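Each chain, letter by letter, is given below.
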Amino acid sequence: MPDEPVDSEILTIREVALYLKVTERTIYRLAADKKIPGFKVGGAWRFSRKEIDQWIRRQSEDQHGGTGEHDDK
């Protein structure tokens, strides 16, 4: 397997918490409630950076009426 950068595509609970600037406990809770995309490997949660980025965009769209556009009027 080629050398991967430190910020590879698969993230740990800690890395997602740092990325989203929340506690690890919050990420555990969201993952257990299936509110954030993740999967378990040998009992440890892992997250795809791409899926987390998509989830962030969806959260933003949901808060702004689902259009993905902001109403600046």
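Located above this text is the structure these notes cover.
Bear in mind that the values here come from a model prediction, so they are computed numbers and not experimental data.

Examining the pattern of salt bridges
Opposite charge on two side chains permits pairing when their charged atoms draw close.
Here is step 1 of the chain: As enumerated under the stated definition, the model contains 1 salt bridge in all.
Here is step 2 of the chain: Put simply, Arg14 and Glu24 hold a salt bridge, and the shortest N to O gap is 3.1 Å. A residue pair is termed long-range when its members are at least 10 positions apart, and Arg14 in helix H1 (residues 13-20) and Glu24 in helix H2 (residues 24-32) qualify at 10 residues.
Here is step 3 of the chain: Judged by relative accessible area, Arg14 falls into the exposed class, the value being 53%.

Some remarks on the nonpolar core
Here is step 1 of the chain: The biggest cluster of nonpolar side chains holds 12 residues, and these are Leu11, Ile13, Val16, Ala17, Ile27, Leu30, Ala31, Ile36, Trp45, Phe47, Ile52 and Trp55.
Here is step 2 of the chain: Elements with a minimum of two residues in this core: H1, H2, strand S3 (44-48) and helix H3 (49-63).
Here is step 3 of the chain: The residues contacting Ile36, other than those within four sequence positions of it, are Val16, Leu20, Ile27, Leu30, Ala31, Phe47, Ile52 and Trp55.

Description of the sheet that holds strand S2 (residues 39-41)
Two modes of strand pairing occur in sheets, parallel and antiparallel, and in both the strands are linked by backbone hydrogen bonds.
Here is step 1 of the chain: Strand order in the open sheet formed by 3 strands is S1-S3-S2, and the pairing between neighbours is antiparallel. Lying at the two open borders of the sheet, with one neighbouring strand each, are strand S1 (10-12) and S2. For this sheet the average axis-to-axis angle between neighbouring strands, irrespective of direction, equals 45 degrees.
Here is step 2 of the chain: In the sheet, S1 pairs with S3 via 3 bridges, with the strands oriented antiparallel. Within S3, the residue paired with Leu11 across the bridge is Phe47.
Here is step 3 of the chain: Along the sheet, H3 contacts S1 and S3; its crossing angle with S3, the most-contacted strand, is approximately 70 degrees.

What counts, and at which threshold
Residues numbered from 1 in each chain as written. Predicted model: local features only at pLDDT ≥ 70, side-chain atom pairs only at ≥ 80, totals over all residues. Heavy atoms only, no water. Salt bridge = Lys/Arg side-chain N within 4 Å of Asp/Glu carboxyl O. Helix = DSSP H or I, 4+ residues; strand = E, 2+ residues; numbered from the N terminus. Buried < 20%, exposed > 50% of the residue type's maximum accessible area, 1.4 Å probe, protein only. Core = buried A, V, L, I, M, F, W, Y, C linked by side-chain atoms within 4.5 Å. Contact = heavy atoms within 4.5 Å. Pairing = 2+ DSSP bridges. Axes fitted to C-alpha atoms, helices over the stretch in contact; angles between N-to-C directions.

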